[in-house]
Amino acid sequence: MLIYICTMLLVGLFAGILGALLGLGGGIVITPVLTLLFGVDIKYAVGASIIAVLATSSGSAIAYLKDDMLNLRIAMFLEIFTTLGAFVGAVLSVITDSQFLFLLYGALMLFQAFNMYQKIRSKKEEHLPSQNDVIAEKLNLSGEYFDKGLNRTIKYQVANVPGGSIVMFFAGVMSALLGIGAGAFKVLAMDTVMKMPLKASSATANFMMGVTGTASAIFYLFVGQINPVLVTPIALGVLVGSFIGSRIMPYVPVKVLRWIFLVALLALGMQMFIRGVK
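Not measured: the values here are computed from a predicted model.

Mapped onto this numbering, the UniProt entry annotates "transmembrane region" (unreviewed entry) at residues 7-38, 44-65, 72-94, 100-117, 158-185, 205-223, 230-250 and 256-274. In residues 44-65, helix accounts for 100% and strand for 0%; the two terminal C-alpha atoms are 32 Å from one another. Secondary structure across residues 230-250 comprises 90% helix and 0% strand; the distance between its end C-alpha atoms is 31 Å.

The full count for this structure, using the stated rule, is three aromatic pairs. Seen in terms of ring centroids, phenylalanine 77 and phenylalanine 81 are 5.3 Å apart; in terms of plane orientation they differ by 70°. Their pairing is edge-to-face. A residue pair is termed a helical-turn pair when its members lie 3 or 4 positions apart in one helix, as phenylalanine 77 and phenylalanine 81 do in helix 4 (residues 72-92) at four residues. Given a relative accessible area of 18%, phenylalanine 77 falls into the buried group. Owing to a relative accessible area of 24%, phenylalanine 81 belongs among the partly exposed residues under this scheme.

So, on to the packing of helix 1 (residues 2-22) against helix 11 (residues 254-277). For the pair helix 1 and helix 11, interaxial distance at closest approach is 10 Å and the crossing angle is 115°. Read as a crossing pair, helix 1 and helix 11 show a hand that is left-handed. Residues Leu18, Leu21 and Leu22 of helix 1 form the contact with helix 11, whose own contacting residues are Leu257, Ile260, Phe261 and Ala264. Taken together, the residues of the contact of helix 1 with helix 11 sort by class into seven nonpolar, no polar and no charged.

What follows is about the environment of isoleucine 50. Mapped onto the fold, isoleucine 50 is located in helix 3 (residues 42-66). Overall, isoleucine 50 belongs to the buried group, its relative accessible area being 5%. Once the C-alpha coordinates of isoleucine 50 and tyrosine 220 are considered, the two residues, 170 residues apart in sequence, prove to be 8.5 Å apart.

This part takes up the pattern of salt bridges. The final tally for this structure, using the stated rule, is two salt bridges. For lysine 199, the salt bridge identified is with aspartate 147, shortest N-O distance 3.1 Å. Residue lysine 199 is found in helix 9 (residues 198-222), and its partner aspartate 147 is found in strand 1 (residues 143-147); the two are separated by 52 residues along the sequence. One exposure class covers both lysine 199 and aspartate 147, and it is buried. With a shortest N-O distance of 3.0 Å, aspartate 191 and arginine 258 are connected by a salt bridge. Remark: arginine 258 occurs in helix 11 and aspartate 191 occurs in helix 8 (residues 183-193); sequence separation between them is 67 residues.

What counts and how
Residues numbered from 1 in each chain as written. Predicted model: local features only at pLDDT ≥ 70, side-chain atom pairs only at ≥ 80, totals over all residues. Heavy atoms only, no water. UniProt positions renumbered as here; feature names shortened; annotations may be inferred. Helix = DSSP H or I, 4+ residues; strand = E, 2+ residues; numbered from the N terminus. Phe/Tyr/Trp six-rings, centres within 6.5 Å; stacked < 30°, edge-to-face > 60°. Buried < 20%, exposed > 50% of the residue type's maximum accessible area, 1.4 Å probe, protein only. Axes fitted to C-alpha atoms, helices over the stretch in contact; angles between N-to-C directions. Left-handed = near helix turned anticlockwise from the far one by under 90°. Contact = heavy atoms within 4.5 Å. Nonpolar A, V, L, I, M, F, W, Y, C, P; charged D, E, K, R; others polar. Salt bridge = Lys/Arg side-chain N within 4 Å of Asp/Glu carboxyl O.

Have a look at this one:
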């Protein structure tokens, strides 16, 4: 039992660090590790993954808020569209083939991995200011944070709020249909569509997943898919890992973060494809 607890703590620790760094919630690690390496039933693995999302958000949000990386205005505005999408996804779940959705999600993640690779190869300045659109100006969605790796303040404006809102709506739909945090979609909306810096996007996505994941966690708790023996050590490990990750992230070069994110997207995309063809 002691070996089992220590193993789950280490799994949670790694998931928390990765989740805090990339804004993916840790589910990309928890679900495949539990199902493939430990033979845990997928229902309980998904339940543990949702709890990991909440733990990652809780462990990192305070640190990111203190460092001004978390843009609360953008988070709360985009949560409107994520929530609407989750409602639509819940309705569609009755009539939609989940296998097709896994394949679609996997294809989109691989496409995003290609876009991330293109950004890595690009020689353009990472933080070139973009032109605020009308909605961003009215809602004062621009922000700034101190990048400890670059040792300077990064000021940014937000572009294409309607486009980012559409991606967030789709993230909510996929989250409800597949029981996932859809953190990759949220980072995609902010980093690629709305032209926010990757660090600010990851920090904000972490906070947002905690908000949307609460409803899912309550649902999984009531249907009996939360196993306390499994979840407790994982959650503790994730809390510690997410705190460590949130302390490390301000010092990590953006290009390194993009490489880590690229590998995570490839892993997530392949994982969705495998689940889609089963």
